[in-house]
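What follows is each chain in one-letter form.
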Amino acid sequence: MIERLWAGWRAAYVGGHAAAVDCVMCVLAAAPDDDEALVIARGAHAFVVCNAYPYTSGHVMVVVDRHEGNLEHLTPGEATEVMGLVQWTTAAVKRAYRPDGVNVGINLGAAAGAGVPGHLHVHVVPRWDADTNFMTTVAETRVLPEALPDTLARLRASWEH
Ligand SMILES: [Zn+2]
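The paragraphs below set out a description of the structure included in this document. None of the values given here were measured: they were computed from a predicted structure. (Residues numbered from 1 in each chain as written. Predicted model: local features only at pLDDT ≥ 70, side-chain atom pairs only at ≥ 80, totals over all residues. Heavy atoms only, no water.)

Remarks on the layout of surface pockets
One number sums up the size of the largest pocket: a volume of about 260 Å³. Listing elements by their share of the lining of the largest pocket, those giving two or more residues are α2 (24–29), β2 (46–50) and β5 (121–127). If one sorts the elements of the lining of the largest pocket by residue count, α2 sits on top with three residues. Of the residues contributing to the lining of the largest pocket, the split by class is twelve nonpolar, six polar and no charged. (1 Å grid on protein atoms, 1.4 Å probe; cavity = no way out; pocket = protein on both sides within 12 Å on 5 of 7 lines; lining within 4 Å. Points joined across faces, edges and corners; volume = space filled by probe spheres on them. Helix = DSSP H or I, 4+ residues; strand = E, 2+ residues; numbered from the N terminus. Nonpolar A, V, L, I, M, F, W, Y, C, P; charged D, E, K, R; others polar.)

A few points about a nonpolar patch on the surface
Judged by side-chain polarity, Leu71, Ile106 and Leu108 come together as a nonpolar surface patch covering roughly 230 Å² of accessible area. Inspection of the secondary structure puts Leu108 in the loop between β4 (101–105) and β5. What makes Leu108 partly exposed here is its relative accessible area of 40%. (Patch = residues over 30% accessible without salt bridge, like charges linked within 9 Å, V, L, I, M, F, W, Y side chains within 5 Å. Areas by Shrake-Rupley, 256 points an atom, 1.4 Å probe, with all protein chains shown as cover. Salt bridge = Lys/Arg side-chain N within 4 Å of Asp/Glu carboxyl O. Buried < 20%, exposed > 50% of the residue type's maximum accessible area, 1.4 Å probe, protein only.)

Structural notes on the packing of helix α4 (residues 76–97) against helix α6 (residues 148–158)
With their axes 8 Å apart at the nearest point, α4 and α6 run at an angle of 110 degrees to one another. When the axis of α4 is compared with that of α6, the two are roughly perpendicular. Residue-level inspection shows Ala92, Val93, Arg95, Ala96 and Tyr97 of α4 in contact with α6, the latter providing Thr151, Arg154, Leu155 and Ser158. Its residues assigned to classes, the contact of α4 with α6 shows five nonpolar, two polar and two charged. (Axes fitted to C-alpha atoms, helices over the stretch in contact; angles between N-to-C directions. Parallel < 35°, antiparallel > 145°, perpendicular 65-115°, else oblique. Contact = heavy atoms within 4.5 Å.)

Focus on the packing of aromatic side chains
For any pair of aromatic rings, the description rests on two quantities: the centre-to-centre distance and the angle between the ring planes. Within the structure shown, the criterion is met by one aromatic pair. On the numbers, 5.7 Å between centres and 65 degrees between planes, the contact of Trp88 with Trp159 is edge-to-face. Placement of Trp88 in helix α4 and of Trp159 in the segment after α6 is noted, with a sequence separation of 71 residues between them. With a relative accessible area of 26%, Trp88 lands in the partly exposed category. Among the residues examined, Trp159 registers a relative accessible area of 5% and is labelled buried. Above the face of the Phe47 ring, Arg42 is positioned so that its terminal group lies 5.2 Å from the ring centre. (Phe/Tyr/Trp six-rings, centres within 6.5 Å; stacked < 30°, edge-to-face > 60°. Lys NZ or Arg CZ within 6 Å of the ring centre and 35° of its normal.)

This is the structure:
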């Protein structure tokens, strides 16, 4: 399955798509080294990458390859693959981290909290009972997530082949 996804991505990359040079998501979409870019998996129209500034350990994003910030402008193929990758990512996060819950969310527009509003991405964030209580009541204490290369290795190992 993963080999098929890889092959699809290569074809899409050769075909090329518009990229914004100053957009971090576009840089990740075109990154030549997945280990360096912390990319867990790639499909034909989207990819899964560790969030460089995680809310919790295991916080990853599903990102559409194309520079497009509007959910309603995704093609049916892009929308289907993004949701499929969200399902796979959620399963991998559950296997790897055994969370009590998972937040899956899209922030559309800067007013909605999008850090990169021009390029659609879906957050998948594992959650544990009372983790928000802990973080708000002990506001001076930053919860340190695991090192990002560890997240990358852990989720790749949990990805169902
Ligand atoms: Zn972009």
